Amino acid sequence: MTDREIENFIKTSPKGHFCQSEKWAAVKHDWTRKTVAVTGEDGQIKGAISFLLRKTPVLPFHLMYAPRGPVCDPDDAETLKALIEKSKELAKKCHGYIIKIDPDVPVQNSGFIKTLEDAGFSRVAGKNFDAVQPNFVFRLDIKGKTEDEIFAAFAAKTRYNIRVAEKNGVTVRVGGLPDLTEFARIMKITGERDGFPTRPKSYFEGLLTAMGENARLYVAELDGKMIAATIPIQYGNKTWYLYGASDNEYRNAMPNYLLQWEMIRWAIQSGCEIYDFRGVSGDLTPENPLYGLYRFKKGFGGELTEFCGEFNLVTNPAVEKLVNNGLEFLKKIRR
């Protein structure tokens, strides 16, 4: 089977994800992409996994990471088992010391989890952003719905804040690469305000360039000045809200609400079935510092989804121990 056939399967599968695409591998240009796939008796692809491989700093071994993989029917245990075996074969060929996956599969699917655990995978789960990908997300079902129907289902306060932004004169446009200097500036401000590390301008340039028509930069402006901006990605039947930034000024103008609505409208107009708000904390107590993020996304009427978590299969325990010891040593030095 060709790379093009595998890519088409990933894109059209109900479990397809932009993180499994060849374009996302181009964004992660310092990793090497490898794919495995299995076919049925009819020769058609039934499952696939796109791995990103990163070599250890000294040893000739690789970490094998399949973000939001595998892509298959999660209830098809035989296909899943075959994909795992092919992944193990790839690990031998590429000197992979660990296989890391975080499937787009709800935690309620106990059969899927059991198949992974029976194959030797260990599960990593957490309430907050403990894994590479968020374990809890909000997803909005937009399949077959109109803009009016979706807007009417928002919480009253959310609808009000969208209208506040419009009344305040906030406008939203699709931006481009020239806007990234200002975007990176307010992204840094956002990270300092909310306590998370941010990416440099060069990363966002690479993302928009590699993803092409699958990604957009939405810019919220007031009096010609960028006051907030977001980057969504669209792939297959889904649209994801990936990055968002807002200046410390003009936050009362509610630009973030209008930006979300414009991204949802893009998803509806493109015929998508799901709009994914991405990560929230699984700790839903008001005392959690991340509770405000949960409340903001909940207002748009999505469903809180908990994925089954991150799973690791150690294929070379000796190397895995050496790598972990090395990472701990580096952390101590930095501290």
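Each remark here, short or long, concerns the structure printed above.
For every chain, the first residue of the written sequence is number 1, and numbering continues from 1 along that sequence. The model is predicted, so local features are restricted to residues of pLDDT at least 70 and side-chain atom pairs to those at 80 or more, both for listing and for counting; the totals for chains, interfaces and linings are taken over all residues. Only hydrogens and water are set aside; all other atoms, that is, all heavy atoms of the structure, feed into the side-chain values.

### Focus: the overall build of the protein chain
Here is step 1: Of regular secondary structure, the protein chain possesses 11 helices and 14 strands.
Here is step 2: With the C-alpha coordinates aligned to their principal axes, the bounding extent of the protein chain is approximately 60 × 55 × 40 Å.
Here is step 3: For the protein chain, the proportion of contacts with a sequence separation of at least 24, taken over those separated by at least 6, is 72%.
Here is step 4: Per-residue and other accessible areas were derived by the Shrake-Rupley procedure at a 1.4 Å probe size, with only the shown protein chains allowed to occlude residues. For the protein chain, the accessible surface area stands at approximately 16,500 Å², while carbon and sulfur atoms represent 51% of it.
Here is step 5: Asp and Glu are treated as the negative residues and Lys and Arg as the positive ones, with His and the ends of the chain left uncounted. For the purpose of locating charges, the reference atoms are NZ of Lys, CZ of Arg, CG of Asp and CD of Glu. Across the protein chain, the 47 positively charged side chains and the 43 negatively charged ones have centroids separated by 4 Å. In DSSP terms, a helix is any run of H or I states spanning at least four residues, a strand is any run of E spanning at least two, and both are numbered starting from the N terminus. Two residues form a contact once any of their heavy atoms are found within 4.5 Å.

### So, the environment of K143
Here is step 1: Within the element layout of this structure, K143 appears in the loop between β7 (136–141) and α5 (147–152).
Here is step 2: The classification of residues rests on relative accessible area computed with a 1.4 Å probe and restricted to protein chains. Under 20% of the type maximum is buried, over 50% is exposed, and intermediate values are partly exposed. On the basis of relative accessible area, K143 is assigned to the exposed category, the value being 54%.
Here is step 3: C-alpha separation for the pair K143 and I274, spaced 131 residues apart in sequence, amounts to 6.8 Å.
Here is step 4: Setting aside residues no more than four positions away along its own chain, K143 makes contact with C272 and E273.

### Topic: the packing of aromatic side chains
Here is step 1: Aromatic rings from Phe, Tyr and Trp, taking only the six-membered ring of Trp, are treated as a pair when their centres fall within 6.5 Å; an angle between ring planes under 30 degrees marks them as stacked, one over 60 as edge-to-face, and anything in between as tilted. Counting across every chain of the model gives 18 aromatic pairs.
Here is step 2: With a centroid separation of 5.0 Å and an interplanar angle of 85 degrees, the aromatic rings of F183 and F204 are classed as edge-to-face. With F183 in helix α7 (residues 180–194) and F204 in helix α8 (residues 201–211), this residue pair connects regions lying 21 residues apart in the sequence.
Here is step 3: Look at F183 and you get buried, because its relative accessible area is 0%.
Here is step 4: Relative to Y243, the ring of F204 lies with its centre 5.2 Å away and its plane at 90 degrees, an arrangement referred to as edge-to-face. Of this pair, F204 sits in helix α8 while Y243 sits in strand β11 (residues 238–246); the two residues are 39 residues apart in sequence, bridging distant segments of the chain.
Here is step 5: F204 sits in the buried class, given a relative accessible area of 1%.

### Here we look at the sheet that holds strand β13 (residues 303–306)
Here is step 1: The seven strands are arranged β8-β9-β10-β11-β12-β7-β13 in an open sheet whose pairing can be described as mixed. Looking along the sheet, the strands with just one partner apiece sit at the ends: β8 (171–174) and β13. If you compare each strand with its neighbour and ignore which way they point, the axes differ by 30 degrees on average.
Here is step 2: Across eight bridges, the pairing between strand β10 (residues 225–235) and β11 is antiparallel. When the bridges of β11 are listed, P232 appears paired with Y241.
Here is step 3: Only the stretch in contact is used when a helix axis is fitted, and all axes are lines through C-alpha atoms; the angle between N-to-C directions ranges over 0 to 180 degrees. Sheet contacts for helix α9 (residues 255–269): β7, β8, β9 (218–222), β10, β11 and β12 (274–279); angle to β10, the most-contacted strand, approximately 30 degrees. DSSP-based pairing: two strands are paired if at least 2 bridges between them are found.

### Focus on α9
Here is step 1: The terminal C-alpha atoms of α9 lie 21 Å apart, and with 15 residues this matches the ideal 21 Å at 1.5 Å per residue to within 8%.
Here is step 2: With respect to burial, α9 is a largely interior element, 12 of its 15 residues being buried.
Here is step 3: Among all positions in α9, only P255, Y257, L258, L259, Q260, W261, E262, M263, I264, W266, A267 and I268 are buried.
Here is step 4: In the stretch just after α9, G271 is the one whose phi turns positive, near 80 degrees. Take the residue count of a helix, subtract one, and multiply by 1.5 Å to get its expected span.

### Section: empty space enclosed by the protein
Here is step 1: Lining residues are defined by having an atom within 4 Å of a point belonging to a cavity or pocket. Those points lie on a 1 Å grid over the protein atoms alone, cavities being sets where a 1.4 Å probe fits but cannot get out and pockets being open sets with protein on both sides within 12 Å along at least five of seven lines. Grid points are joined across faces, edges and corners, and a volume is the space filled by probe spheres set on the points. Taken as a whole, this structure holds two cavities of 30 Å³ or more when the rule is applied.
Here is step 2: As for the largest cavity, its lining consists of I49, P70, L80, I84, S87, I99, I101, L116 and F121.
Here is step 3: Going through the elements one at a time, α3 (77–94) and β5 (96–101) are the ones with two or more residues in the lining of the largest cavity.
Here is step 4: Of the residues forming the lining of the largest cavity, the biggest block, three residues, is contributed by α3.

### Considering the side chain of N288
Here is step 1: Here N288 shows up in the loop between β12 and α10 (291–298).
Here is step 2: Of the residues examined, N288 reaches a relative accessible area of 8% and is grouped as buried.
Here is step 3: Nitrogen and oxygen atoms within 3.5 Å of one another constitute a polar contact, given that in protein one can donate a hydrogen and the other can accept it, and given that sequence-neighbouring residues count only through two side-chain atoms. Here S281 takes part through its side chain, which lies 2.9 Å from a polar atom of the side chain of N288.

### Here's the deal with the nonpolar core
Here is step 1: Buried residues of nine kinds, namely Ala, Val, Leu, Ile, Met, Phe, Trp, Tyr and Cys, make up a nonpolar core once their side-chain atoms join them within 4.5 Å. Ranked by size, the top nonpolar core spans 33 residues in total, and within it F154, I264 and Y275 carry the most contacts.
Here is step 2: Elements with a minimum of two residues in this core: β7, α5, α6 (156–167), β9, β10, α9, β12 and α10.
Here is step 3: In this structure, F154 is in contact with L140, R159, I162, W261, I264, G299 and F300, ignoring residues within four places of it in sequence.
Here is step 4: Membership of the second largest hydrophobic core comes to 32 residues, among which are A215, V219, Y235 and W240.

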